Amino acid sequence: MTTHLRPAGAERREPDGGRTRSYAVCVNGRPVGDVELATDPRLGPATGRVRTLRIRRPERHRGRGTVAALAAEEVLRSWGCREVVLSLDARADIGLRLAAALGYTETGRTLDKEPGEAPEPPPHAVVRPLTAAEYPDWLTAETQAYARRWLTRGMAPDEALRRSRALHDDLLPAGAATPDAALRVLEHGGVAVGTVWIALRPRIAAGGYVHSVTVAPEHRGRGHGRTLLLAAERECRAAGLRTVGLHVLAGNEVALRLCESMGYRPAAYHLSKPLI
């Protein structure tokens with residue numbers, strides 16, 4: 001039997017070069033599942049994303065998913081993509097095993113938990129709002145840090161910084177006063193030692209979402225990251241949100257151990273594979 005992808009609709013093109021198209025997974029012309037492919041809007045047209053890959057239940061465990069995934073990679077190669085990424089629910093054991101067998105590696109994971117009764121900051125510590133005067137320097141540091149993530153994936157420095165600035169402008173249109181965004185500073189002994197950015201009505205999660213936690217290098221290893229995450233929990237609980245989530249990059253074992261010790265558990269895994 002021959003498994004192949006058949007276009008299930010017209011290709012959609014975006015002004016920035018983005019592409020999206022749906023396909024039926026067919027065996028000898030008979031539909032047995034579906035695939036949706038796209039270029040990644042944040043990483044650019046050189047990165048393809050498998051948005052969905054579904055095989056109907058009676059057709060599973062026959063290698064259909066493996067062949068469909070490989071066929072999807074060929075489509076993305078024909079689009080000029082040099083990398084393919086996907087995100088899988090942490091409970092998707094079959095999908096995670098298939099991705100590992102096909103050579104995908106983890107780039108990061110989304111963790112979440114229910115915000116509990118977080119204790120108040122320790123003695124000599126105060127969590128306060130980021131001021132309008134502090135916002136420009138904070139934003140510069142944030143955009144540069146986020147741009148560095150894209151540099152590791154081969155994006156040109158100017159393009160990485162442009163995309164990072166555009167993303168932050170989109171998420172924080174009113175700066176420190178953006179509604180449903182909590183920008184907080186941790187002071188210890190009167191010295192600012194770190195910041196946390198919490199979205200209380202995020203686009204990418206059902207509950208609250210911690211976009212970033214930053215502790216100044218000279219103040220790390222003293223529990224300030226935990227204090228900032230507890231502050232995020234208090235913000236989410238006060239806003240009536242049922243969960244708080246965040247993203248941890250692969251290889252950041254310090255952050256992962258901290259989050260796990262605070263009760264965070266994997267919600268999704270994010271994977272990538274070079275298309276060579």
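Before reading further, recall that the structure is shown in the block above.
All figures in this text were calculated on a predicted structure; none of them were measured in a lab.

Rules and cut-offs
- Residues numbered from 1 in each chain as written.
- Predicted model: local features only at pLDDT ≥ 70, side-chain atom pairs only at ≥ 80, totals over all residues.
- Heavy atoms only, no water.
- Buried < 20%, exposed > 50% of the residue type's maximum accessible area, 1.4 Å probe, protein only.
- Helix = DSSP H or I, 4+ residues; strand = E, 2+ residues; numbered from the N terminus.
- Pairing = 2+ DSSP bridges.
- 1 Å grid on protein atoms, 1.4 Å probe; cavity = no way out; pocket = protein on both sides within 12 Å on 5 of 7 lines; lining within 4 Å.
- Points joined across faces, edges and corners; volume = space filled by probe spheres on them.
- Polar contact = N/O pair within 3.5 Å; in protein donor to acceptor, adjacent residues only side chain to side chain.
- Contact = heavy atoms within 4.5 Å.
- Axes fitted to C-alpha atoms, helices over the stretch in contact; angles between N-to-C directions.
- Parallel < 35°, antiparallel > 145°, perpendicular 65-115°, else oblique.
- Left-handed = near helix turned anticlockwise from the far one by under 90°.
- Nonpolar A, V, L, I, M, F, W, Y, C, P; charged D, E, K, R; others polar.
- Salt bridge = Lys/Arg side-chain N within 4 Å of Asp/Glu carboxyl O.
- Core = buried A, V, L, I, M, F, W, Y, C linked by side-chain atoms within 4.5 Å.
- Expected span 1.5 Å × (residues − 1).

Engineer: Any chance you could explain the pairing of strand β10 (residues 191–199) here in plain terms?
Structural biologist: Working note: regular strand, side chains alternate between the two faces of the sheet. Counting buried positions along β10 yields seven of nine residues, so the element is predominantly enclosed. By the bridge criterion, eight bridges tie strand β9 (residues 181–188) to β10 in an arrangement that is antiparallel. Directly across from R184, in β10, lies its bridge partner V196. The turn linking β9 back onto β10 is made up of two residues, and G189 within it adopts a positive phi angle of 60°.

Engineer: Looking at this structure, how should I read the layout of surface pockets?
Structural biologist: Unfilled space is identified by rolling a water-sized probe across the atoms. Of the volumes computed, that of the second largest pocket is approximately 730 Å³. In terms of lining residues, the second largest pocket is bounded by 27 residues, among which L53, R54, I94, G95 and L98 are the most central. Counting only elements with at least two residues in the lining of the second largest pocket, the list comes to β5 (44–55), α1 (64–78), β6 (83–89) and α2 (93–101). A per-element tally of the lining of the second largest pocket places β5 first, with six residues.

Engineer: I'm lost on the side chain of E83 in this one. Help?
Structural biologist: Within the secondary structure, E83 sits in strand β6. For E83, the side chain forms a polar contact with the side chain of T47, separated by 3.1 Å. Apart from the residues lying within four places of it in its own chain, the contact partners of E83 are A46, T47, G48, R153, S272, K273, P274 and L275.

Engineer: When you look at the packing of helix α5 (residues 224–238) against helix α6 (residues 253–261) in this model, what are you seeing that I'm missing?
Structural biologist: Think of two packed helices as two axes; the pair is described by the angle between the axes and how far apart they sit. Packing of α5 against α6 leaves a shortest axis separation of 11 Å and a crossing angle of 50°. Regarding the angle of α5 to α6, the classification is oblique. You can see that α5 and α6 cross each other, and the crossing is right-handed. Residues G225, R226 and L229 of α5 form the contact with α6, whose own contacting residues are L258, C259 and S261. Of the residues assigned to the contact of α5 with α6, the class counts are three nonpolar, two polar and one charged.

Engineer: It is not clear to me how the pattern of salt bridges should be interpreted in this structure. Could you clarify?
Structural biologist: Side chains that differ in charge, positive against negative, can pair when their charged atoms come close. Scanning all chains against the criterion turns up 20 salt bridges. R49 serves as the salt-bridge partner of D40, at 2.9 Å between the closest nitrogen and oxygen. D40 gets classed as buried once you look at its relative accessible area, which sits at 7%. Residue R49 is classed as partly exposed on the basis of its relative accessible area, which comes to 23%.

Engineer: Explanation requested: the nonpolar core in the structure shown.
Structural biologist: Here is a general trend for soluble globular proteins: nonpolar side chains tend to be buried in one another's company. In terms of nonpolar packing, the biggest core is built from 26 residues, with L5, V25, L37, L76, W79, Y104 and L271 touching the most fellow members. Of all the secondary-structure elements, those providing two or more residues to this core are β3 (19–27), β4 (30–40), β5, α1, β6 and β13 (265–274). Counting residues per element, this core draws most heavily on α1, which supplies five residues. With residues near it in sequence (within four places) discarded, V25 still touches T3, H4, L5, R30, P31, V32, G33, D34, V35, I55 and A68.

Engineer: I'm lost on the packing of helix α3 (residues 135–151) against helix α4 (residues 157–171) in this one. Help?
Structural biologist: The N-to-C vectors of α3 and α4 enclose an angle of 130°; their axes lie 8 Å apart at closest approach. With respect to their mutual orientation, α3 and α4 come out oblique. Crossing geometry of α3 relative to α4 is assigned as right-handed. Across from L139, E142, T143, Q144, Y146, A147, W150 and L151 in α3, the residues of α4 making contact are P157, A160, L161, R163, S164, R165, L167 and H168. Residues belonging to the contact of α3 with α4 are distributed by class as follows: nine nonpolar, four polar and three charged.

Engineer: Help me understand α5, please; the structure alone is not making it clear to me.
Structural biologist: Every α-helical turn comprises 3.6 residues, leaving residues that sit three or four positions apart pointing alike. Its 15 residues place the ends of α5 21 Å apart at the C-alpha level, agreeing with the 21 Å of an ideal helix rising 1.5 Å per residue. Within α5, eleven of the 15 residues are buried, leaving the element largely enclosed by the surrounding structure. Every buried residue of α5 is accounted for by H224, G225, T227, L228, L229, L230, A231, A232, E233, R234 and C236. The positive-phi residue at the C-terminal boundary of α5 is G240, with phi of around 80°.

Engineer: What's the story with the side chain of H224 in this structure? I'm lost.
Structural biologist: Mapped onto the fold, H224 is located in helix α5. Excluding residues that lie within four positions of it along the chain, H224 makes contacts with L186, H188, V193, V215 and H219.

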